[in-house]
Amino acid sequence: MSDDLRNLVLGLLAAAVCVAAGWFARSYLWKRRLRRKQRFFGLPTDSECLLVVPRDPGSRGWSLARHDAFALLELAAVIQECGAHTEVLAHDTSWQGFGARTEFCVGGPVENSRLAAHLRSMLPGVEVNTDPAPGPLQGAITIGGSAYEMEKGSVEYVLLARLAAAGDTGNDRPVFLFSGQRGIATQAAARYLARHHVRLARKHGVDGTFCLLLKVVNSQSYGSDVVELVADVTKQATATSRSAARAAAKKLSQRDQSPAT
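Description of the structure in this document. (Residues numbered from 1 in each chain as written. Predicted model: local features only at pLDDT ≥ 70, side-chain atom pairs only at ≥ 80, totals over all residues. Heavy atoms only, no water.)

1. Re the overall build of the protein chain
- Looking only at helices and strands, one finds seven helices and ten strands in the protein chain.
- Evaluated residue by residue, the protein chain yields a buried proportion of 38% over its 261 residues.
- The long-range share in the protein chain, meaning contacts at least 24 apart out of those at least 6 apart in sequence, stands at 65%. (Helix = DSSP H or I, 4+ residues; strand = E, 2+ residues; numbered from the N terminus. Buried < 20%, exposed > 50% of the residue type's maximum accessible area, 1.4 Å probe, protein only. Contact = heavy atoms within 4.5 Å.)

Structure representation (structure tokens):
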């Protein structure tokens with residue numbers, strides 16, 4: 001074998017080794033990112049998750065409002081990439097606990113009763129004005145003494161939360177809440193989660209709990225594309241509100257003072 005031929009063979013072998021090493025490294029990194037994404041969303045391969053949605057109040061049958069459907073499309077891409085399966089349930093038919101399966105709960109507390117229950121039990125520091133009467137405080141979100149009022153088409157707020165279920169029996173799949181003042185804000189939160197889940201997992205941990213307040217800017221012109229992070233309100237949202245504490249204390253006092261039967 002001549003020197004030129006030997007050098008050519010060695011060069012081809014070296015190139016093949018480099019290509020194989022690069023392929024294995026890329027495959028390893030891709031699998032690592034996928035496992036981290038699956039852990040953050042609580043969606044191992046072939047697992048099941050719930051999509052809990054409100055019914056469209058303007059429809060007679062079982063149907064979704066337009067922006068709620070768009071929010072589900074944002075989440076469907078994430079679920080498919082994780083290799084999981086979905087079950088879509090109406091909010092008033094989902095009579096089960098949480099933690100056994102990952103849950104994505106979409107809509108505001110007025111139209112989604114299950115989301116309202118999650119807010120009361122897991123985010124007691126959040127108060128949402130559910131009064132149907134029109135007014136400046138309609139749909140306002142109050143957290144830590146600050147009220148965030150909606151300006152329809154100009155400024156709309158939405159809560160995006162990942163709530164880690166504590167499970168001693170293995171029921172530790174997270175619950176994701178998308179509670180917007182309008183449907184377009186809910187869609188924006190779903191898109192925000194899909195786009196920024198890597199950064200959120202890095203900041204809060206793949207198993208962490210967080211609650212973010214987002215602001216949708218000028219939705220009448222930009223739709224759900226322009227979203228700003230207002231604040232991380234995890235601490236305030238997960239703390240028992242003063243009003244709830246006072247109500248609980250009052251109820252306890254009344255029970256203690258009632259005559260024994």
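Moving on, there is more to tell.
2. Description of unusual backbone geometry
- Even without being a glycine, Asp46 presents a positive backbone phi close to 70 degrees.
- Counting through the fold element by element, Asp46 comes out in the loop between α1 (3-41) and β1 (48-53).
- Located in the positive-phi region is Asn218, a residue other than glycine, with phi close to 50 degrees.
- Of note, Asn218 is situated in the loop between β9 (210-217) and α5 (219-222).
- On the accessibility criterion, Asn218 (21% relative accessible area) is partly exposed.

3. Overview of the packing of helix α2 (residues 66-82) against helix α4 (residues 183-204)
- Put simply, α2 and α4 touch, their axes get as near as 8 Å, and they point 10 degrees apart. On the basis of the axis angle, α2 is roughly parallel to α4. Across the interface between the two elements, His67, Asp68, Phe70, Ala71, Glu74, Leu75 and Val78 from α2 touch Gly183, Ile184, Thr186, Gln187, Ala190, Arg191, Leu193 and Ala194 from α4.
- Classifying every residue of the contact of α2 with α4 gives eight nonpolar, four polar and three charged. (Axes fitted to C-alpha atoms, helices over the stretch in contact; angles between N-to-C directions. Parallel < 35°, antiparallel > 145°, perpendicular 65-115°, else oblique. Nonpolar A, V, L, I, M, F, W, Y, C, P; charged D, E, K, R; others polar.)

4. Observations regarding the environment of Ala164
- Mapped onto the elements of the fold, Ala164 is located in the loop between β7 (155-163) and β8 (175-180).
- For the pair formed by Ala164 and Gly99, sequence separation is 65 residues and the distance between their alpha carbons is 8.0 Å.
- Those residues in contact with Ala164 that lie beyond four places of it in its chain are Asp207, Gly208 and Thr209.

5. Re helix α3 (residues 113-122)
- Buried within α3 we find Arg114, Leu115, Ala116, His118, Leu119 and Met122.
- Where α3 is buried, its residues meet β1, β3 (102-106), β4 (126-128), β7, β8 and α6 (234-238).
- Where α3 begins, the side chain of Asn112 points an oxygen toward the backbone nitrogen of Arg114, at a separation of 3.1 Å. (Polar contact = N/O pair within 3.5 Å; in protein donor to acceptor, adjacent residues only side chain to side chain.)

6. Section: the pattern of salt bridges
- All told, the structure shown has nine salt bridges when counted by the stated rule.
- The partner of Glu81 in a salt bridge is Lys37, and the shortest N-O contact between them spans 2.7 Å. Of this pair, Glu81 sits in helix α2 while Lys37 sits in helix α1; the two residues are 44 residues apart in sequence, bridging distant segments of the chain.
- When its relative accessible area of 48% is taken as the criterion, Glu81 is described as partly exposed.
- Judged by its relative accessible area of 9%, Lys37 is buried.
- Of the charged contacts, one joins Arg101 and Glu87 as a salt bridge, the two residues approaching to 3.0 Å between their closest N and O atoms. (Salt bridge = Lys/Arg side-chain N within 4 Å of Asp/Glu carboxyl O.)

7. Describing the pairing of β9
- Most of β9 sits inside the fold, with six of its eight residues counted as buried.
- In the sheet, β9 pairs with strand β10 (residues 227-232) via five bridges, with the strands oriented antiparallel. Of the residues in β10, the one forming a bridge with Leu213 is Ala231. (Pairing = 2+ DSSP bridges.)

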